Amino acid sequence: MRESIVITGVGVVTPLGKDPREVLRRVEAGESAAAPSGFGAGMFACPVCARVKDFDAREYVAEAKMVRLMNRDAQLAVAAARLALRDAGLQVGQDYASEDIGLFGATGLVGLPLGEVLPLIKASVGADGGFDPRSFGEAGLRAVSPILSFKILSNMPVCFVSICENIQGPNAIYTPWEGQGAQAIEAGLHALEGGDARCALVGGCDVKTHELAFIGLEQQGIFESWRASPSPPSGERAGVRGHSDHSCERRAGVVPGEGAGFLVLEKEADAAARGARIYARVAGFNLGTRRKEQGRAGAFAEVLKGMGDWPIPLRDLRASAVQSQADETAEARRSQRTRLVAAIVAASNGDPVAERDEERALFSLGIAADTVIHPKKHAGDLFAAAAALQVGLAAVLAERCGGRVLANCFGHGSEQAAFLLEKP
Amino acid sequence: MKQRVVITGLGLCTPVGGGAEEFWRNLLAGRSGVGPVTLFDASSLPVRIGGEVKGFSLARVAEKFPEADGEQDRKIWLGLEAASQAVEEAGLSREMLAGAPLFVGVSLETFFLENVAPVAQADDAVRALVQQVLARPHAGRLQTPLDRTSQLLGDHYGFARGRYTNCSACAAGAQVIGEAFRRLRGGAAEVALAGATDSVLNPLGLGGFSLLHILSTENEEPTRACRPFDATRQGTVLSEGAAFVVLETLDHAQRRGARAYAEVVGYGSSLDAFRVTDPEPNGRGAALSMTRALADAGLRPEEIDSVNAHGTGTPKNDVAETLAIKQALGARAGEIPVTANKSMTGHMIAASGAVEAVASALTLATGKIPPTINWGQPDPQCDLDYVAEGCRDFAGRTVLSNSFGFGGQNATLIFRRIEP
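Residues numbered from 1 in each chain as written. Chains lettered and ligands numbered in written order. Predicted model: local features only at pLDDT ≥ 70, side-chain atom pairs only at ≥ 80, totals over all residues. Heavy atoms only, no water.

So, the overall build of chain B
Along the backbone of chain B there are 14 helices and 15 strands. What you see for chain B is a C-alpha radius of gyration of 21 Å, in line with the 22 Å of a compact globule of 420 residues. Its C-alpha atoms give chain B principal-axis dimensions of roughly 65 × 50 × 40 Å. For chain B, with 420 residues in total, the buried portion stands at 69%. Once local pairs closer than 6 in sequence are excluded, the contacts in chain B between residues at least 24 apart make up 79%. For chain B, the exposed area adds up to about 12,800 Å²; of that, 51% sits on carbon and sulfur atoms. Taking the 39 positively charged and 47 negatively charged side chains of chain B as two groups, their mean positions are separated by 4 Å. (Helix = DSSP H or I, 4+ residues; strand = E, 2+ residues; numbered from the N terminus. Rg over C-alpha atoms; globule rule 2.2 N^0.38 Å. Buried < 20%, exposed > 50% of the residue type's maximum accessible area, 1.4 Å probe, protein only. Contact = heavy atoms within 4.5 Å. Areas by Shrake-Rupley, 256 points an atom, 1.4 Å probe, with all protein chains shown as cover. Lys, Arg positive; Asp, Glu negative; His and termini not counted. Charge placed at Lys NZ, Arg CZ, Asp CG, Glu CD.)

As structure tokens, this is what we get:
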């Protein structure tokens with residue numbers, strides 16, 4: 001990277017809390033936010049989800065009227081953005097002009113609760129029991145709020161952030177998975193590198209804790225690993241199963257979560273000039289596309305390999321059988337191929353196959369760490385918000401460890417990413 | 001070193017024509033693509049008009065993209081058709097596509113109410129809905145993820161350098177071209193496909209927007225319903241469409257002898273940070289977007305020769321945009337032609353910015369500016385030259401194109417004539 005860019009603020013609203021250090025502590029302690037979803041008992045392959053508790057958007061938004069315009073994903077986004085700016089000690093309009101701050105975010109599938117849509121659908125059923133456009137116009141539309149359009153526009157959560165924080169700079173919004181969340185972070189890095197912005201707020205939000213979201217995830221096949229599990233568990237233990245043990249058969253699958261994360265990015269020189277606390281410098285990042293014919297492990301490895309700027313120069317990929325992580329690391333160390341980082345924020349989300357692919361990719365490149373954490377297994381998978389959470393926790397880890405920390409953003413969809421952070 | 005970036009392929013599906021040739025002919029002739037909505041029974045809605053893509057053959061597109069079989073979302077099909085036109089016209093090889101990033105703009109997810117209505121009356125509607133979804137995963141779908149077009153195009157053509165799905169509402173079409181332009185200019189790739197697709201002409205789309213009171217309700221005169229910058233304008237008209245462009249570095253295009261329509265020279269974006277319901281009334285955010293694009297292009301305001309306006313025909317937008325153009329271009333604002341394609345196409349939401357980028361490129365390539373139709377009564381607050389008398393010859397070198405989105409996102413692109 002030409003310009004040294006640092007992370008100076010981390011704001012998260014997650015099922016494991018709103019303070020990134022506290023979230024990290026709870027992840028490391030093995031706590032889980034998974035709990036019975038409370039809906040659709042026995043219908044969905046996944047019986048649990050991870051919800052944000054004790055959240056009131058009015059703590060972050062001055063106008064009650066504006067809160068009513070927001071979906072829950074927008075409320076979470078506004079809160080996380082506020083927390084990130086507060087964490088950075090940054091005053092919009094003072095430290096940087098509003099138009100010099102970029103805003104790049106990611107949003108997930110539309111987060112309308114089924115309860116808001118069902119009245120409309122029920123009122124639109126015709127005499128034959130099917131959808132009747134005439135009934136829709138005559139009765140269906142009256143059954144919903146006029147602000148429905150603002151709730152189904154995917155850009156709204158990020159626009160609410162701009163309004164609440166008076167951010168007027170360059171912007172873009174991506175959708176709908178973790179890879180697109182990583183693209184938002186990438187866009188912020190590019191905006192700073194290219195001189196388009198002096199500071200960037202980057203992140204994402206998502207809510208996958210209601211029936212409609214579960215239906216969407218079922219359609220996407222994301223619950224398949226729950227179905228494949230020999231004895232799907234339920235309740236609070238679900239999210240901690242299978243921790244780093246690829247031979248374990250107790251694992252269940254993805255725990256859908258809700259939350260938001262935003263990061264404050266600044267040029268290192270600017271951050272230093274205003275006396276900001278610096279969590280980490282972005283030492284490298286890479287985004288890759290998983291091709292149709294490509295295996296997941298190969299795609300992950302390609303992303304990691306393309307990141308460059310590793311502690312030890314990369315050598316060629318070599319195929320390897322999956323052994324235990326400890327054996328692999330020892331073997332790699334012996335052959336002096338190890339690329340040691342202080343910590344890895346792993347992408348594993350409870351899907352055992354995806355986890356094995358990630359381990360295989362890390363091993364194939366000899367990447368190892370003393371500390372490996374799996375936030376998604378504990379806080380739930382936040383999808384469009386996951387990249388911001390992964391990188392945010394990596395920043396906190398980098399500050400604590402003082403070394404390089406790898407954050408993998410390997411999620412659903414074709415787009416995959418990884419970020420390498422280091423304490424300056 | 002910054003690379004110069006040119007447009008070498010165009011693809012369009014719009015209410016005024018499919019394909020660049022038909023689109024441009026009709027736009028220059030001032031033909032409106034707005035009419036009564038026929039895609040579904042809109043007779044009970046307050047707004048019953050829209051800009052539909054006519055004569056669109058799903059079967060023909062399905063022959064090219066058999067993997068899209070079963071997709072119900074119309075914007076996916078429009079996008080596939082427009083993108084394939086652009087790729088074919090540019091004559092890109094498989095290897096070139098594999099090294100290219102893909103940028104797709106979209107706005108709203110489409111909800112297939114017809115899929116779920118039959119089970120909505122069940123005692124436990126949620127259970128019935130889930131059972132239907134699980135039993136018929138494809139046919140029972142309630143919504144399609146917004147990245148579906150990117151996935152289909154990406155897999156079909158083998159795009160492997162990043163697939164970006166931008167959902168910046170009405171600014172998305174311009175943003176994706178701007179982002180692609182920046183990547184190529186910075187040397188990250190030599191070729192990119194960028195464009196946007198949208199169709200909100202479905203019950204929830206048209207019905208939902210009609211609740212916001214930004215649409216014209218002049219159902220009896222559909223072709224006159226959208227009147228950007230006219231004193232009697234009542235609102236915009238929703239429509240559907242898609243447009244894609246192939247962008248290439250000039251070096252790459254010249255090496256392979258590709259035809260270039262226009263050069264992309266500047267991109268800027270900004271946020272109003274005002275209200276989700278209204279544009280900032282003084283045009284502050286929109287002006288900032290234009291100013292940023294000018295700076296990005298290294299151009300002075302007086303070097304802009306024409307504006308392709310966002311021009312929705314809503315009372316608030318057109319005043320704010322007029323003010324913004326004056327702020328950004330200064331004294332020159334009153335001297336240059338400002339045209340509003342939406343007077344003919346209607347508002348294609350995410351796709352509008354991409355369609356208007358194509359119109360801007362064609363203006364430079366053909367030396368013609370399409371008119372703003374339906375303008376007849378001057379609004380003292382909208383006092384620029386809106387090309388109301390009909391298509392106009394154009395000898396200028398630059399066109400600036402604006403796109404402003406719901407929620408306050410603004411994007412501006414600047415194009416320059418390819419000098420012989």
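Further notes follow.
Some remarks on the overall build of chain A
A count of helical and extended segments in chain A gives 16 helices and 12 strands. Here chain A, with 424 residues, has 66% of them falling under the buried criterion. Within chain A, counting contacts between residues at least 6 apart in sequence, those at least 24 apart form 78% of the total. Accessible surface for chain A amounts to roughly 13,900 Å². Of this, 47% is attributable to carbon and sulfur atoms.

Overview of the side chain of D357 of chain A
All names here are of chain A. Along the chain, the position of D357 falls in helix α14 (residues 352–364). Take D357: its relative accessible area is 10%, and that puts it in the buried class. Ignoring any residue separated from it by four or fewer positions in sequence, one finds D357 in contact with R296, A297 and F300.

Topic: helix α1 (residues 20–29) of chain B
Two residues of an α-helix separated by three or four positions point the same way, owing to the 3.6 residues in each turn. Considered for burial, the residues of α1 of chain B that qualify are A20, F23, W24, N26 and L27 of chain B. At its buried positions, α1 of chain B is contacted by β1 (5–14), β2 (17–18), α13 (342–345), α14 (350–366) and β12 (368–369) of chain B.

Focus: the environment of E165 of chain A
Residue and element names in this part refer to chain A. Structurally, E165 can be placed in helix α7 (residues 156–165). Taking the C-alpha atoms as reference points, E165 and V61, 104 residues apart in sequence, are found 9.7 Å from one another. Apart from residues lying up to four places away in sequence, E165 is in contact with R82, L85 and V92.

Brief notes about the domain arrangement of chain A
All names here are of chain A. Under the domain assignment, chain A is made up of domain 1 (5–115 + 147–273) and domain 2 (284–422). The partner domain 2 presents 48 residues to the 63 residues of domain 1 that form the contact. Carbon and sulfur atoms supply 69% of the area that domain 1 and domain 2 bury against each other, a total of about 4,100 Å² over both sides. There are two salt bridges connecting domain 1 and domain 2. E178 is the salt-bridge partner of K376, the closest N and O atoms lying 2.6 Å from each other. The interface formed by domain 1 and domain 2 contains eight residue pairs in polar contact (both at pLDDT 80 or more). Broken down by secondary-structure element, the contributors of at least two residues to the side of domain 1 that touches domain 2 are β1 (5–13), α1 (20–28), β4 (101–107), α8 (178–193), β6 (199–207) and β7 (258–267). (Domains from an automatic or database assignment. Buried area = accessible area lost by both parts, 1.4 Å probe. Salt bridge = Lys/Arg side-chain N within 4 Å of Asp/Glu carboxyl O. Polar contact = N/O pair within 3.5 Å; in protein donor to acceptor, adjacent residues only side chain to side chain.)

As for the pattern of salt bridges
Between side chains of opposite charge, a pair can form as their charged atoms come close. Residues and elements named next belong to chain B. All told, the structure shown has 60 salt bridges over all chains when counted by the stated rule. Linking R255 and E190 is a salt bridge whose minimum nitrogen-to-oxygen distance equals 2.8 Å. Placement of R255 in helix α10 (residues 250–255) and of E190 in the loop between α8 (172–185) and β7 (191–199) is noted, with a sequence separation of 65 residues between them. On the accessibility criterion, R255 (58% relative accessible area) is exposed. For the salt bridge of E248 with R256, the shortest nitrogen-to-oxygen distance reads 2.6 Å. Residue classification places E248 among the buried residues on the basis of a relative accessible area of 0%. Judged by relative accessible area, which is 25%, R256 ranks as partly exposed.

So, the state of the cysteines
Residues and elements named next belong to chain A. Summed over the entire model, instances satisfying the criterion amount to zero disulfides over all chains. Considering cysteine sulfurs only, C164 is the nearest to C199, which forms no disulfide, with 17 Å between them. No disulfide involves C409; its sulfur sits 16 Å from the nearest other cysteine sulfur, which is in C205. Judged by relative accessible area, which is 0%, C409 ranks as buried. (Disulfide = S-S within 2.5 Å.)

Let's talk about the side chain of T149 of chain B
Residues and elements named next belong to chain B. Tracing the chain through its elements places T149 in helix α7 (residues 148–157). Owing to a relative accessible area of 1%, T149 belongs among the buried residues under this scheme. Every residue in contact with T149, bar those within four places of it in the chain, is listed here: I76, V104 and T197.

Some points on the pairing of strand β5 (residues 171–174) of chain A
All names here are of chain A. Across the two faces of β5 the burial is the same, with N171 and I173 and A172 and Y174 all buried. Looking at chain direction, β4 and β5 are connected through four bridges and run parallel. Looking at the pairing, G105 lines up with I173 of β5. (Pairing = 2+ DSSP bridges.)

Observations regarding the nonpolar core
With 248 residues, the main nonpolar core has L201 and F419 of chain A together with F23, F209 and L247 of chain B as its most contacted residues. Here this core takes 11 residues from helix α3 (residues 72–88) of chain A, the largest share from any one element. Membership of the second largest hydrophobic core comes to 27 residues, among which are A293, L294, V338 and A340 of chain B. (Core = buried A, V, L, I, M, F, W, Y, C linked by side-chain atoms within 4.5 Å.)

Focus: α14 of chain B
Residues and elements named next belong to chain B. Across its 17 residues, α14 extends 25 Å between first and last C-alpha, which sits within 8% of the 24 Å expected from 1.5 Å per residue. Counting buried positions along α14 gives 15 out of 17 residues, so the element sits mostly inside the fold. Two residues or fewer after α14 comes G367, characterised by a positive phi angle close to 70°. (Expected span 1.5 Å × (residues − 1).)

A closer look at the interface of chain A and chain B
If you look at the interface, chain A gives 71 residues, while chain B gives 73 residues. Roughly 6,200 Å² is buried in total at the junction of chain A and chain B, and carbon and sulfur atoms are behind 65% of that figure. Counting across the chain A and chain B interface gives three salt bridges. Measuring nitrogen to oxygen at the nearest pair gives 3.8 Å for the salt bridge that ties R292 of chain B to D196 of chain A. Of all the secondary-structure elements, those providing two or more residues to the side of chain A that touches chain B are β4, α4 (114–122), α5 (133–140), α6 (148–152), α7, β5, α8 and α9 (211–219) of chain A. Grouping the constituent residues of the side of chain A that touches chain B by class yields 35 nonpolar, 22 polar and 14 charged. (Nonpolar A, V, L, I, M, F, W, Y, C, P; charged D, E, K, R; others polar.)

Structural notes on the pairing of β1 of chain A
All names here are of chain A. With nine of nine residues buried, β1 is to be regarded as a mostly interior element. Bridge analysis of β1 against β7 gives eight bridges, and the strand direction is antiparallel. Each bridged residue has a counterpart across the sheet, and for V10 the counterpart in β7 is L263. Where β1 and strand β8 (residues 280–289) come together, two bridges link them in antiparallel fashion. Within the sheet, the bridge partner assigned to V6 lies in β8 and is R281.

Some remarks on the packing of aromatic side chains
All names here are of chain A. Throughout the structure, instances matching the rule amount to 16 aromatic pairs over all chains. Measuring from ring centre to ring centre gives 5.9 Å for F39 and F44, while their planes differ by 90°; the resulting arrangement is edge-to-face. With respect to burial, F39 and F44 carry one shared label: buried. Seen from their ring centres, F131 and F136 are 6.0 Å apart, and the 55° between their planes marks the pair as tilted. Among the residues examined, F131 registers a relative accessible area of 16% and is labelled buried. On the basis of relative accessible area, F136 is assigned to the buried category, the value being 0%. (Phe/Tyr/Trp six-rings, centres within 6.5 Å; stacked < 30°, edge-to-face > 60°.)

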